[in-house]
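Spelled out from the first residue to the last, the chains are:
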Amino acid sequence: MILHFYFARRFAMSFLLLTLVLFSLVALVDLVDQTRTFGDLDVSFGAIVGLTLLNAPQTVNEILPLIIILATIALFVSLARSSELVATRAAGRSALKALVAPVVVAMTIGILAVTMLNPIVAGTSKKYSELAESYRTGGASTLSISGEGLWLRQGGDDGQSVIRAWRSNADASVLYDVTFLSYAPGQGPIQRVSANSASLQAGGWLLRKAKLWPLGPGVNAEANAEYHDEYVIPTTLTLERIRESFGRPSSISIWKLPTFIEQLDQAGFSSRLHRVWFQSELARPLFLMSMVLVASAFTMRHTRFGGTGVAVLAAVLLGFGLYFIRSFAQILGENGQIPIYLAAWMPPVAAILLALGLLLHAEDG
């Protein structure tokens, strides 16, 4: 157990150090990019730094497999150079037993990433999207889905509008049983519109079977109501902006994702993207474990044999290849080409089996 704790501590220290270094590098690069993007929009430097700190955790969360690979390489290369691996094997400890501690630490990191880091990244990325949109347009367009239907807010120079609909089609281009409540700048509501459906056209919502109520002090709304077979309400929204408001699963905490998926289904949206993301997040600990096994398969050798640089490069390239296969499988799952569970769970399981095969071949020939 003392040796297991020693390997676990060395691996954890390597992981923390690399995380700190890469977070600093990511934040620096992102600060330059945010400055280029928002420098011409009269956004203060402090606000740009805030955007950078909100966006950096998401990037670090995405490169977590790379950090695991580099931490494993750093651990076993240092152990090989100090001949500690030779002493470990001379004491009767096999390579697979020596990997128990790093694999357990990687699994623990994966569990913490899913249960704790995921909600943090969801909150920071959502806040980043809201602030970035407000800096670009002066008014964020947000969508919320609940048991009472879906709620959408659109903004512009003429004021704000709140939209509520009971359901929509799969791509959010048509809303059904919809209500628009318009607000003038700096004032209260000025108009309420109800319609059977609203279709998003270029530059406006096309309402069918619409009823308009003017709102304001001293106005009899029902007496002045108007009926229209078709009525157009201007908008700056596009399908892309609506999908960005709710379509990124990474902006939703994994603890809230099952309820959100159920609400998406009730509202008429396709929840396949969120289902694939949810299962992929649950499979993340297995994938991080596979990264440890892959990196160790190329670096658990003594440095006197030479070829350390080639082995490190091979480990990194294989890790990138497995990450690409995992991302490609997720895309196939999101498009309905393969089942959701197969897209989420098969890549990490296959990566673990591949790494174990390489380890057994290296140990036993």
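Preceding this section is the structure that the text describes.
Residues numbered from 1 in each chain as written. Predicted model: local features only at pLDDT ≥ 70, side-chain atom pairs only at ≥ 80, totals over all residues. Heavy atoms only, no water.

Caption draft 1: Molecular detail of the overall build of the protein chain. Per the secondary structure count, the protein chain includes twelve helices and seven strands. Split into buried and exposed, the 365 residues of the protein chain put 45% on the buried side. The long-range share in the protein chain, meaning contacts at least 24 apart out of those at least 6 apart in sequence, stands at 62%. Accessible area for the protein chain stands at about 18300 Å²; split by element, carbon and sulfur atoms hold 64% of it. (Helix = DSSP H or I, 4+ residues; strand = E, 2+ residues; numbered from the N terminus. Buried < 20%, exposed > 50% of the residue type's maximum accessible area, 1.4 Å probe, protein only. Contact = heavy atoms within 4.5 Å. Areas by Shrake-Rupley, 256 points an atom, 1.4 Å probe, with all protein chains shown as cover.)

Caption draft 2: Quick look at the environment of V104. Position of V104 relative to the elements: it lies in helix α6 (residues 100-137). With 181 residues separating them along the chain, V104 and P285 place their C-alpha atoms 9.8 Å apart.

Caption draft 3: Focus on unusual backbone geometry. Despite not being glycine, D177 has its phi angle at roughly 50 degrees, a positive value. If you trace the backbone, D177 turns up in strand β4 (residues 174-183). Residues other than glycine seldom take positive phi values, yet K209 does so here, at roughly 55 degrees. Mapped onto the elements, K209 comes out in strand β6 (residues 204-214). Since its relative accessible area comes to 52%, K209 is described here as exposed.

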